[in-house]
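# Secondary and tertiary structure notes
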There are 2 protein chains.
Amino acid sequence: MTSTNETHDPKLRSWVTSANSGASDFPIQNLPFGRFRRTGSPEDLRIGVAIGDQILDLRSTGLIETADMNILMTMSLKERHRLRAAISEGLRAGSDRQAAWANALQPQSQSELALPCRIGGYTDFYTGIHHATSVGKLFRPDQPLMPNYKWVPIGYHGRASSIGVSGQRFKRPQGQVKPLDTDKPVVGPSRRLDYELELGFIIGRGNALGEPITIADAEEHLFGVTLLNDWSARDLQAWEYQPLGPFLAKNFATTLSPWVVTMEALAPFRAKFDRSPGDPQPLPYLESGANRERGALDIALEVWLQTAKMHAAGETAVRLTHCNTAQAAYWTAAQLVTHHTVSGCNLQPGDLLGSGTLSGPAQGEAGSLLELTLGGKQPIGLPNGESRSYLEDGDTLTLRGYCERQGMVRIGLGEVSGTVLAA
Amino acid sequence: MTSTNETHDPKLRSWVTSANSGASDFPIQNLPFGRFRRTGSPEDLRIGVAIGDQILDLRSTGLIETADMNILMTMSLKERHRLRAAISEGLRAGSDRQAAWANALQPQSQSELALPCRIGGYTDFYTGIHHATSVGKLFRPDQPLMPNYKWVPIGYHGRASSIGVSGQRFKRPQGQVKPLDTDKPVVGPSRRLDYELELGFIIGRGNALGEPITIADAEEHLFGVTLLNDWSARDLQAWEYQPLGPFLAKNFATTLSPWVVTMEALAPFRAKFDRSPGDPQPLPYLESGANRERGALDIALEVWLQTAKMHAAGETAVRLTHCNTAQAAYWTAAQLVTHHTVSGCNLQPGDLLGSGTLSGPAQGEAGSLLELTLGGKQPIGLPNGESRSYLEDGDTLTLRGYCERQGMVRIGLGEVSGTVLAA
């Protein structure tokens, strides 16, 4: 696993001055990767690195040759470190690259961001133990968690084609719902549309079919982290999910943040990963000293809602909930990689692994409305007098994430935002 | 829906004489699409049409310009009909194209076949009602089918990266299994490895996100049909599948036949689709006159096994089971397309929809060993004295499919074959 080095030095400043405010998600200690073009232009997507309120066009710097993010993501750990060091050095205040690289900058405000890579495979996990427990309680008060939960990193394959980048606007999904008071299902727009607060882990190097990735090697296959909103239609899901899992309830839209914050950038924000007393230790294939010592991620997460009425009145979004990844996730990202491939399954560059809904241990820290409103029974009041059990048409939901630690510069994951349109 | 036309004329003969035997899967009435290259050559894949024991290199004929099957698959119905008619005419005995096209032929025996297209999304359904009932009985004798089964075309997203073409050799998967007599799972190779006999439907034109495909339009989005073996590790599945469905139990390998038999070729082999008395009629969005009249497919399916011992002794494969699609499937391919997109989910050219395991109504017609051996309790005896509860290392499993009808030329789907290697 990566340890901190001089690219994390809190004293580092950039000649891109907007990066130095302390408030930017993208100080020189971050350097996340994304794909962009000039807003409204038909040009090919370019690979960029966010710095303050600018984007550095990476190919223009001469540091990389490929224009394909999925190829760039296959770099070895050593190559990743070298590239990060070179970008950091060139953006540093006083760098002799400043004159040349100034031409490689483009303001984020004049850029259109795309999905950071082509996502061939999308797998969603279920690592949020407080989420799994709260949701389980709604259906099975006596046994909220299934017997397999504490042994198996539960996951399922998701739909990659409907993943969109932050700013995605999608129609409320339709499908079959079974009302409690009839014996026949009806078809119509979902009335229990929810968000799910997740992290998305992006795979760098893949593995060959039949060659599992050991827990010792797993971090080398992780390129970085994004924010992920796994929109869910609870009423569709309740009727369809047995016995093969969620399908239409999830496949109508999934929204991803545009910037991949690398594992290198996150190195100072790793945390101990340990089991509570009474919980089983992970089976040997999911266990390593390094994973125990610093397998977890210390990332703060927030959920913000702006309704159509708030938008029309010029009112800003309100925060619905917040939590910390390290408290929410029962499995580490490395464990997800290893478990996914233990069967022999091949991961490919650009594949996306969702953490599953991340909820903190307290009631107000829930990563979904299903939990926050106790299945819709306790609607949330909003400051403008509106209330929400589930999402309404015109609602814009935004997830934010950032890392803060004593003595380190705050780094952000940016945000992922999406808007519900009428069916 | 396509109706029969002169390209189906049973009197048609080809100047490629191997197509005329009556025994070939690929008479001139079939004309399935695939991708090939010369065996062992590094050349790019080419688009071909199987005819007898030959492959017609389609771009060499001048009929198409693209070398990309996924692009070719986006043809409109009209373009598909026109291309089929032109290929049929050029391959017909007496055609003035014979001299020119003879150079565009390559023997199948000297060719390496690839997956017929890039498969971006793979969804597996559960349309085999006899399969669902038999498997359900093993776990829930009182209520074999879930209450949703007769209303919802149950499906889940599968793993596309591990799909291979016929001839795939894969290692027995490993994973967690929970023995009945302990309270802790163990990790190791699956001991209940099974095949699943399925059809694979390949999507031609896609749809935009948020724009469902109606049942009236669904057939236009179906390009054709393949054979699909959805290998399954029953012991991994039993422990992991709750509550989000199968994951490692399915994602280690899935094998597809190389030739896509088009909906046009299958036109003479469509069948009435109707509900048994007592079963609910499909909800309106899944219902149309055309779907009722000829939504089903009359395809005979067979499963063949050759063990390592049989192979070593020069003994050919034995048939384990057979059934007919029209008797096995509770939903039509058009209904799967419509249901998949009713949420707004976007299908893309080359996407693969699996039918789910197809079993006939009789015990010997089961599309999996799980059913044939009653969960492993009644092993099958083989002619050489071996027996099988589940698949053993070295077993080669082959699925075959073909259409036969009075007055029509038999057309085949070819075969899909795969071999289990030691973990």
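Computed from a predicted model, the values in this text were never measured in an experiment.

## A few points about the relation of the copies chain B and chain A
- Superposing chain B onto chain A requires a rotation of 180 degrees together with a translation of 0.0 Å along the rotation axis, leaving an RMSD of 0.0 Å. Here the copies are linked by what is in effect a two-fold axis. The C-alpha atom lying nearest the rotation axis in chain B is that of Gly245(B); the distance is 2.1 Å.
- Same-surface contact between copies: 100% of interface residues of chain B are shared with the interface of chain A.

## Concerning the sheet that holds strand β26 (residues 411-421) of chain A
Residues and elements named next belong to chain A.
- Spatially, five strands are ordered β9-β26-β25-β20-β21 in an open sheet, and the strand pairing comes out mixed. Either end of the sheet is taken by a strand with one partner, and the two such strands are β9 (168-171) and β21 (318-324). Each strand axis lies, on average, 20 degrees off the axis of its neighbour in the sheet, ignoring direction.

## Some thoughts on the sheet that holds strand β9 (residues 168-171) of chain B
All names here are of chain B.
- The strand order β9-β26-β25-β20-β21 describes an open sheet built from five strands, whose pairing is mixed. Because the sheet does not close on itself, it has two edges, and the strands there are β9 and β21 (318-324). In this sheet, adjacent strand axes meet at a mean angle of 20 degrees when their direction is disregarded.
- Sheet analysis places strand β20 (residues 300-306) next to strand β25 (residues 396-403), joined by seven bridges and oriented antiparallel. Within β25, the residue paired with Leu301 across the bridge is Gly401.

## A few points about helix α4 (residues 129-139) of chain A
- Among all positions in α4(A), only Ile129(A), His131(A), Ala132(A), Val135(A) and Gly136(A) are buried. Down the axis of α4(A), the buried set is contained in an arc of 155 degrees. They therefore lie on one face.

## Quick look at the domain arrangement of chain A
Residue and element names in this part refer to chain A.
- According to the domain assignment, chain A contains domain 1 (6-113) and domain 2 (122-297 + 324-371).
- Measuring from the centre of the C-alpha atoms in domain 1 to the corresponding centre in domain 2 gives 29 Å.
- At the interface, 22 residues of domain 1 touch 21 residues of domain 2.
- Between domain 1 and domain 2, a total of about 1800 Å² is buried, with carbon and sulfur atoms accounting for 66% of that surface.

## Quick notes on the packing of aromatic side chains
- Scanning the model with the defined rule gives 16 aromatic pairs over all chains in all.
- Here the aromatic cluster, defined as three or more aromatic residues joined through ring pairs, consists of Tyr126(A), Tyr149(A), Tyr330(A) and Trp331(A).
- Sitting above the plane of the Tyr330(A) ring, Arg275(A) keeps its charged end 3.5 Å from the centroid.
- Note that Arg275(B) overlies the ring of Trp331(B), its terminal NZ or CZ placed 4.7 Å from the centroid.

## A word on the nonpolar core
- Counting residues in each nonpolar core, the largest one holds 156 residues, and the members touching the most others are Tyr195(A), Leu199(A), Leu320(A), Tyr195(B), Leu199(B) and Leu320(B).
- Leave out the neighbours within four places in its chain, and Leu320(B) touches Tyr195(B), Val303(B), Trp304(B), Leu305(B), Gly364(B), Leu369(B), Leu372(B), Ile380(B), Leu382(B) and Leu397(B).
- Leu58(B), Met75(B), Val165(B) and Leu352(B) belong to the second-largest nonpolar core, a separate cluster that totals 36 residues.

## A few points about the pattern of salt bridges
- This model, assessed by the stated rule, comprises 52 salt bridges over all chains.
- Residues Glu264(B) and Arg80(B) are paired through a salt bridge, measuring 3.2 Å at the closest nitrogen-oxygen approach. Of this pair, Glu264(B) sits in helix α6 (residues 263-266) while Arg80(B) sits in helix α2 (residues 77-91), and the two are 184 residues apart along the sequence.
- Judged by relative accessible area, which is 3%, Glu264(B) ranks as buried.
- Here Glu196(B) makes a salt bridge to Arg234(B), at a shortest N to O gap of 2.9 Å. Here the residue Glu196(B) occupies a position in the loop between β12 (193-194) and β13 (197-203), and Arg234(B) occupies one in helix α5 (residues 234-240), the gap between them amounting to 38 residues. When sorted by exposure, Glu196(B) lands in the same class as Arg234(B), which is buried.
- Put simply, Asp194(A), Glu196(A), Asp230(A), Arg234(A) and Lys250(A) are held in one network by salt bridges that share partners.

## Describing the side chain of Asn324(A)
All names here are of chain A.
- Locating Asn324 in the fold gives a position in strand β21.
- A residue is classified by how much of its surface remains accessible, and Asn324, at 17% relative accessible area, is buried.
- In this structure, Asn324 is in contact with Leu297, Asp298, Ile299 and Ala300, ignoring residues within four places of it in sequence.

## Details of the environment of Asp351(A)
- Along the chain, Asp351(A) falls in the loop between α10 (333-342) and β22 (352-354).
- With relative accessibility at 1%, the residue Asp351(A) sits in the buried group.
- Of the polar contacts made by the side chain of Asp351(A), one reaches the side chain of Arg159(B); its length is 2.6 Å.

Cut-offs applied
Residues numbered from 1 in each chain as written. Chains lettered and ligands numbered in written order. Predicted model: local features only at pLDDT ≥ 70, side-chain atom pairs only at ≥ 80, totals over all residues. Heavy atoms only, no water. Least-squares fit on C-alpha atoms with pLDDT ≥ 70 in both. Contact = heavy atoms within 4.5 Å. Pairing = 2+ DSSP bridges. Helix = DSSP H or I, 4+ residues; strand = E, 2+ residues; numbered from the N terminus. Axes fitted to C-alpha atoms, helices over the stretch in contact; angles between N-to-C directions. Buried < 20%, exposed > 50% of the residue type's maximum accessible area, 1.4 Å probe, protein only. Arc of directions from axis to C-beta. Domains from an automatic or database assignment. Buried area = accessible area lost by both parts, 1.4 Å probe. Phe/Tyr/Trp six-rings, centres within 6.5 Å; stacked < 30°, edge-to-face > 60°. Lys NZ or Arg CZ within 6 Å of the ring centre and 35° of its normal. Core = buried A, V, L, I, M, F, W, Y, C linked by side-chain atoms within 4.5 Å. Salt bridge = Lys/Arg side-chain N within 4 Å of Asp/Glu carboxyl O. Polar contact = N/O pair within 3.5 Å; in protein donor to acceptor, adjacent residues only side chain to side chain.

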